[in-house]
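Structure at a glance
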Amino acid sequence: MADLSGKVALVTGGTSGIGRAAVRRLSRDGAKVLFTGSKEAAAQALCEETGAAFIKARVQSEEDWARVEALVKADFGRLDIAFANAGTEQGDGSVESISLENWNAIVGVNQTGAMLTAKTAVKLMRGNPGGASGSIIINASMSAHKVMGNYMAYSVTKAAALALTKSIAIHCATEGTPIRCNAISPGVIETEMITAIIEKSGAPEAARAAYCSMSPMKRMGSVDEIAALVAFLASDEAGFINGAEYAIDGASTSG
């Protein structure tokens, strides 16, 4: 377990999948957690389970970020950890098939949303009692490297997330501000969405085997494994890790 005692964490897209696992792990490791999302019923259950707090907010909305910032200041008084996790691939396609509306929607969540998460986090972390400090983690994807022809917007925005990570890390470091920014790049992770696809496939065993075969380790990753990496990067033990990308994909992008 990471020692996150006394720290305040923000997780976007925290009501399901990797985000929900991160809320659970960061809470268990001692952090006070605020998470965003749109699924209010799921959020309420997670709050009751973990003691975390929830605010309904869209990551692509500057107005919603103003509300998040105000809540953090009023209820927590500081921010130490920000996990820019929210993402979407809904409506994606190839360069020929994707509509401009769907392109803009995916860019809005995956790229603009991550930027606004980091922008708000840096502002809050600069104002921490005792001086500026903090750790920002951006959820990219192995698709930043293993680009998909039929998921163009997702692949492009996840590649952009890596450049965003490095830019933030360099900016904060050259400003003399001890705010770190790192990216994680998960491979195929067994989320509720993947499980639902497998169950509805008509051939669940074959579908599961296909997903598992995407990693040389012949399995999918778990959301808890991703959350463990987030917790480590959020901790003081990772204090000299900055501007880095951590693949967590079972060697999928190694060869």
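Preceding block: the structure.
A brief look at the structure comes next. (Residues numbered from 1 in each chain as written. Predicted model: local features only at pLDDT ≥ 70, side-chain atom pairs only at ≥ 80, totals over all residues. Heavy atoms only, no water.)

1. Focus: the overall build of the protein chain
When helices and strands are counted, the protein chain shows eight helices and seven strands. A compact globule built from 255 residues would reach a C-alpha radius of gyration of about 18 Å, and the protein chain, at 18 Å, matches this within 12%. Expressed as lengths along the three principal axes of its C-alpha atoms, the size of the protein chain is roughly 55 × 35 × 35 Å. Taking all 255 residues of the protein chain together, 47% fall into the buried category. Of all intrachain contacts in the protein chain linking residues separated by at least 6 positions in sequence, the fraction that spans at least 24 positions is 68%. (Helix = DSSP H or I, 4+ residues; strand = E, 2+ residues; numbered from the N terminus. Rg over C-alpha atoms; globule rule 2.2 N^0.38 Å. Buried < 20%, exposed > 50% of the residue type's maximum accessible area, 1.4 Å probe, protein only. Contact = heavy atoms within 4.5 Å.)

2. Quick notes on the environment of Glu-190
One can find Glu-190 in the loop between β6 (179-186) and α6 (192-199). By relative accessible area, which is 30% here, Glu-190 ends up partly exposed. For the pair formed by Glu-190 and Val-223, sequence separation is 33 residues and the distance between their alpha carbons is 6.9 Å. Residues within four places of Glu-190 in sequence aside, it is in contact with Thr-195, Arg-208, Met-220, Gly-221 and Val-223. One polar contact links Glu-190 to Arg-208, side chain to side chain, over a distance of 2.7 Å. (Polar contact = N/O pair within 3.5 Å; in protein donor to acceptor, adjacent residues only side chain to side chain.)

3. Re the pattern of salt bridges
Within this structure, the stated rule accounts for 13 salt bridges. The salt bridge involving Arg-20 is made with Glu-192; its shortest N-O contact spans 2.3 Å. One end of the pair, Arg-20, is in helix α1 (residues 17-28); the other, Glu-192, is in helix α6, and 172 residues separate them in sequence. On the accessibility criterion, Arg-20 (24% relative accessible area) is partly exposed. Assessed through its relative accessible area of 37%, Glu-192 is described here as partly exposed. The salt bridge involving Asp-64 is made with Arg-67; its shortest N-O contact spans 3.5 Å. Of this pair, Asp-64 and Arg-67 both sit in helix α3 (residues 62-76), three residues apart, which is roughly one turn of that helix. (Salt bridge = Lys/Arg side-chain N within 4 Å of Asp/Glu carboxyl O.)

4. Regarding the sheet that holds β6
A sheet is described by the order of its strands in space; here seven strands give the open sequence β3-β2-β1-β4-β5-β6-β7, paired in parallel fashion. The open sheet has two free edges, formed respectively by β3 (53-56) and β7 (245-248), since each of these has just one partner strand. The mean inter-strand angle of the sheet, taken between neighbouring strand axes irrespective of direction, is 20°. Both strand β4 (residues 81-84) and strand β5 (residues 134-139) contribute to a ladder of four bridges, which runs parallel. By the bridge assignment, Ala-84 is partnered in β5 with Ile-138. Contacts from α1 reach β1 (8-11), β2 (32-37), β4, β5 and β6, with the element oriented near 170° to β1. (Pairing = 2+ DSSP bridges. Axes fitted to C-alpha atoms, helices over the stretch in contact; angles between N-to-C directions.)

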